[in-house]
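# Observations on the model geometry
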Amino acid sequence: MENIMYGREQAKTQGKPDWENWDLKPTSYFYPERDIAEGRLTSEATKDQLADEFHDKIILSKEQADEFFAALEEDTRMLSHYNAVDYSLFLVRIKTDDSAQEVTDPQTSASREADVVPRAPPSVPPGPPSWRTGIPSPDGKHVYRAAILDFFWAKHKVQPRLMTFLISAWNLLISRHGHMSITTTPDEYRERFLNMCREYVEVRE
């Protein structure tokens, strides 16, 4: 996966606001560290390593949102085909220098004047704006980058199959917490992951 945090250190040295980032995956699954005994048996440091929570919205135009969802659909379809689960959306939000600027279409002359997406290396490599290089929000307040993080947790491997057996036994004999993100089916994980991504997006024109 590409490093979509490139340019962060340069931005820091220029005195610009620090970039925000989240590692997002569905949190409605069973997480033993969090859910057994209400998390009292696990240290805070361990629980901090679970998925982040994003208490905001990704502000996009309809065209940007459609392209975003289409890319997610395609990428997760491939991951599901290879039995992958437990992947996450790595989201980066960069505050622009002038939050009052409006950006509608990166190809228009008005957008080129505002130019909230960093264009010059090392912040951004050559090429049109993308989710790897930075997508400007319609209100001009932020630039977003995003990518799917996949740690190749494939359900047909030995360890995932063992974990699935153990969690199924736990749900049957001890407590019905449901599946973990690493023990559910690829199709079910994909559906819940895409629903999560859709909930994070707010469309503005």
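Every value quoted in this text rests on a predicted model; they were computed, and no experiment measured them.

### Some words on the overall build of the chain
Helices and strands together make up the secondary structure of the chain, namely seven helices and eight strands. For the chain, buried positions account for 42% of its 205 residues. Across the chain, contacts joining residues at least 24 apart in sequence account for 73% of those joining residues at least 6 apart. Only carbon and sulfur atoms are counted for the fraction: they give 53% of the accessible area of the chain, which is about 11800 Å².

### Examining the sheet that holds strand β4 (residues 88-95)
In spatial order, the strands read β1-β4-β6-β5; together these four strands make up an open sheet with antiparallel pairing. Sheet topology places β1 (20-24) and β5 (135-136) at the edges, where each strand pairs with a single neighbour. Alignment of β1 against β4, held across five bridges, turns out to be antiparallel. Bridging from a neighbouring strand, Asp23 pairs with Phe90 of β4. Packing against the sheet, helix α4 (residues 62-81) makes contact with β4, β5 and β6 (142-149), and its axis sits at approximately 15° to β6. Helix-sheet contacts for helix α7 (residues 186-200) involve β1, β4 and β6, and the interaxial angle to β4 is about 15°.

### Focus: the nonpolar core
Among the nonpolar cores identified, the biggest contains 27 residues, and Ile58, Leu60, Leu89 and Phe193 are the most heavily contacted of them. Those elements giving two or more residues to this core turn out to be β1, β2 (58-60), α4, β3 (84-85), β4, β6 and α7. Examining the composition of this core, we find that six residues originate from one element, α7, more than from any other. Beyond its immediate sequence surroundings of up to four residues, Phe193 is in contact with Leu24, Pro26, Leu72, Thr76, Tyr87, Ser88, Leu89 and Ile148. If you look at the next biggest cluster of nonpolar residues, it comprises 10 residues, including Met5, Ala11, Phe90 and Leu149.

### Let's talk about the packing of aromatic side chains
Under the criterion given, the structure shown has seven aromatic pairs. A centroid spacing of 5.8 Å and a plane angle of 40° characterise the contact between Phe68 and Phe69, whose relative ring orientation is tilted. Residue Phe68 is classed as buried on the basis of its relative accessible area, which comes to 3%. Between Tyr87 and Phe193, the aromatic rings sit 5.0 Å apart at their centres with planes inclined by 75°, giving edge-to-face as the arrangement. On the criterion of sequence distance, the pair formed by Tyr87 in the loop between β3 and β4 and Phe193 in helix α7 is long-range, its members being 106 residues apart.

### With respect to the pattern of salt bridges
The final tally for this structure, using the stated rule, is 11 salt bridges. Among the salt bridges present, the one from Arg93 reaches Glu20, with a minimum N-O distance of 2.9 Å. Linking Arg93 in strand β4 with Glu20 in strand β1, this pair joins segments that are 73 residues apart in sequence. Look at Arg93 and you get buried, because its relative accessible area is 9%.

### Thoughts on α4
With 20 residues, α4 extends 28 Å from end C-alpha to end C-alpha; this agrees with the ideal 28 Å at 1.5 Å per step. Residues of α4 that are buried: Gln64, Ala65, Phe68, Leu72, Thr76, Leu79 and Ser80. Down the axis of α4, the sector holding all buried residues measures 120°, keeping them to one side. The outward face of α4, more than 90 degrees from its buried face, is lined by the exposed residues Glu63, Glu74 and His81. Among the residues trailing α4, Asn83 stands out with phi positive, at a value near 65°.

### A short note on unusual backbone geometry
Positive phi, close to 65°, is recorded for Asn83, a residue that is not glycine. Located in the positive-phi region is Asp86, a residue other than glycine, with phi close to 70°. Here Asp86 lies in the loop between β3 and β4.

### Brief notes about α7
Along its 15 residues, α7 runs 21 Å from first to last C-alpha, staying within 8% of the 21 Å computed at 1.5 Å per residue. Along α7, the positions that sit buried rather than exposed are Pro186, Tyr189, Arg190, Phe193, Leu194, Met196, Cys197 and Tyr200. Down the axis of α7, the buried set is contained in an arc of 155°. They therefore lie on one face. Along α7, the residues that are exposed and aim more than 90 degrees away from the buried face are Asp187, Glu191 and Glu199.

What counts as what
Residues numbered from 1 in each chain as written. Predicted model: local features only at pLDDT ≥ 70, side-chain atom pairs only at ≥ 80, totals over all residues. Heavy atoms only, no water. Helix = DSSP H or I, 4+ residues; strand = E, 2+ residues; numbered from the N terminus. Buried < 20%, exposed > 50% of the residue type's maximum accessible area, 1.4 Å probe, protein only. Contact = heavy atoms within 4.5 Å. Areas by Shrake-Rupley, 256 points an atom, 1.4 Å probe, with all protein chains shown as cover. Pairing = 2+ DSSP bridges. Axes fitted to C-alpha atoms, helices over the stretch in contact; angles between N-to-C directions. Core = buried A, V, L, I, M, F, W, Y, C linked by side-chain atoms within 4.5 Å. Phe/Tyr/Trp six-rings, centres within 6.5 Å; stacked < 30°, edge-to-face > 60°. Salt bridge = Lys/Arg side-chain N within 4 Å of Asp/Glu carboxyl O. Expected span 1.5 Å × (residues − 1). Arc of directions from axis to C-beta.

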